[in-house]
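Coordinate inspection notes
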Amino acid sequence: YPTLFPRESLEHAHIVCIGEGEIPLSSWARSPGSVSIPGLWFRSANGPIENPPGPAPDLNDLPPALYGCNETILTNDTLTGLSDDHLGNAHVFYASRYCRFDCGYCLSGRKRRKANGRPCERKSVRNLIDEIKAASRQFRLPNPICIWDDNFGEDIEWLREFADLYPREVGIPF
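A few points on the structure. (Residues numbered from 1 in each chain as written. Predicted model: local features only at pLDDT ≥ 70, side-chain atom pairs only at ≥ 80, totals over all residues. Heavy atoms only, no water.)

**Remarks on the overall build of the chain**
Heads up, the rule is: Secondary structure elements are defined from DSSP: runs of H or I of at least 4 residues count as helices, runs of E of at least 2 residues count as strands, and each element is numbered from the N terminus. Classification of residues uses two cut-offs on accessible area relative to the type maximum, computed with a 1.4 Å probe and protein chains only: under 20% is buried, over 50% is exposed, and between them is partly exposed.
When its secondary structure is counted, the chain shows 6 helices and 9 strands. Residues classed as buried in the chain amount to 34% of the 174 residues present.

**With respect to the packing of aromatic side chains**
Note the following rule: For Phe, Tyr and Trp, rings pair up if their centres lie within 6.5 Å, where Trp contributes its six-membered ring, and each pair is then called stacked (planes under 30 degrees apart), edge-to-face (over 60) or tilted (otherwise).
This structure, assessed with the given rule, holds 5 aromatic pairs. Relative to Tyr166, the ring of Phe162 has its centre 4.8 Å away and its plane inclined at 25 degrees; by these criteria the two rings are stacked. Of the two residues, Phe162 and Tyr166 are both situated in helix H6 (residues 156–169); the distance of 4 residues between them amounts to about one turn of the helix. Pair check on accessibility: Phe162 and Tyr166 agree, each one buried. The rings of Phe152, Trp158, Phe162 and Tyr166 are connected pair by pair, giving a single aromatic cluster.

**As for the environment of Arg126**
Note the following rule: Contact criterion: two residues are considered in contact whenever any of their non-hydrogen atoms come within 4.5 Å of each other.
Summarising the element assignment, Arg126 is placed in helix H5 (residues 125–138). The spacing of Arg126 and Leu165 is 39 residues in sequence and 8.4 Å in space, taken between C-alpha atoms. Filtering out sequence-adjacent residues up to four positions away, Arg126 remains in contact with Lys133, Leu165 and Glu169.

**Describing the environment of Pro55**
Inspection of the secondary structure puts Pro55 in the loop between strand S3 (49–50) and strand S4 (72–75). For the pair Pro55 and Pro24, spaced 31 residues apart in the sequence, the C-alpha separation amounts to 7.9 Å.

**A look at the nonpolar core**
Short version of the rule: To qualify as a nonpolar core, a set must consist of buried Ala, Val, Leu, Ile, Met, Phe, Trp, Tyr and Cys residues joined through side-chain atoms within 4.5 Å.
If you look at the biggest cluster of nonpolar residues, it comprises 18 residues, and the most contacted ones within it are Phe93, Ile132, Leu141, Ile145, Phe162 and Tyr166. Looking at this core, the elements that each hand over two or more residues are H5 and H6. Considering every element that reaches this core, the biggest residue donor is H5, with 5 residues. For Tyr166, the residues in contact, after removing those within four places along its chain, are Ile129, Ile132, Ile145, Gly171, Ile172, Pro173 and Phe174.

**Overview of the sheet that holds S3**
The strands making up a sheet associate through hydrogen bonds between their backbones, and the pairing can be parallel or antiparallel. The cut-off we apply is this: Paired strands, as defined in this entry, are two strands with at least two bridges between them according to DSSP.
Across the sheet, which stays open at both edges, the 3 strands sit in the order S1-S2-S3 with antiparallel pairing between neighbours. The open sheet is flanked by strand S1 (15–17) and S3, the only strands paired with a single partner.

**A closer look at the pattern of salt bridges**
Quick note on the threshold: What makes a salt bridge here is a side-chain nitrogen of Lys or Arg within 4 Å of a carboxyl oxygen of Asp or Glu, nothing more.
Taken as a whole and judged by the stated rule, the model has 10 salt bridges. A salt bridge links Arg97 to Glu20, with the nearest nitrogen and oxygen atoms 2.3 Å apart. With Arg97 in strand S7 (residues 96–97) and Glu20 in the loop between S1 and helix H2 (22–30), this pair connects stretches of sequence that are 77 residues apart. Through salt bridges with shared partners, one network takes in Arg126, Asp130, Lys133 and Glu169.

**Considering the packing of H5 against H6**
Note the cut-off: Note on geometry: axes are lines fitted to C-alpha atoms, helical ones only across the stretch in contact, with angles between N-to-C directions running from 0 to 180 degrees. An angle below 35 degrees is treated as roughly parallel, one above 145 as roughly antiparallel, one from 65 to 115 as roughly perpendicular, and anything else as oblique. By convention, the crossing between two helices is left-handed when the near helix turns anticlockwise from the far helix through less than a right angle, and right-handed when the turn is clockwise.
Running from N to C, H5 and H6 cross one another at 30 degrees; their axes reach a closest spacing of 10 Å. By the angle class used here, H5 and H6 are roughly parallel. Our pair here, H5 against H6, has a crossing hand that is right-handed. Listed contacts from H6 to Val125, Arg126, Leu128, Ile129, Ile132 and Lys133 of H5 are Trp158, Glu161, Phe162, Leu165, Tyr166 and Glu169.

Interpretation note: all reported values are geometric properties and have no functional meaning in isolation.
Below you can see the structure in the form of structure tokens.
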């Protein structure tokens, strides 16, 4: 939502992220007083400070999601540790970001255009499988798991590699 409607989002927040957040938020954490960080817009008394979209990370360089490693969740005004009970059937994995198509009925193309028009970015098959395996060691994953991805079947070579490795190394229906 903030990528598509940053001005409206600044009515409810002091900082909004436009596009990918890993690099801009990391930059802001290292320099919280700076308001000239690509990918972040800031609310100020003189109106919004609008920076250009930030750089896109290589998805294979990002660590896997850290579900349950010292995270907390707010439930009924109480902070508790994240557990299987909170995840339920909602453990979702992504193999890519954005979609290369620009369908008028879909937000993916609009988000891609707002984030400097970057093409579809995809994790390697190894990266995705390792992420699922790590999560399955830590949590009771739902059966089937959810791979929510706009581009899952688009790259036939990627899909062949996935079809070869996934049943042998993971084996959970999806």
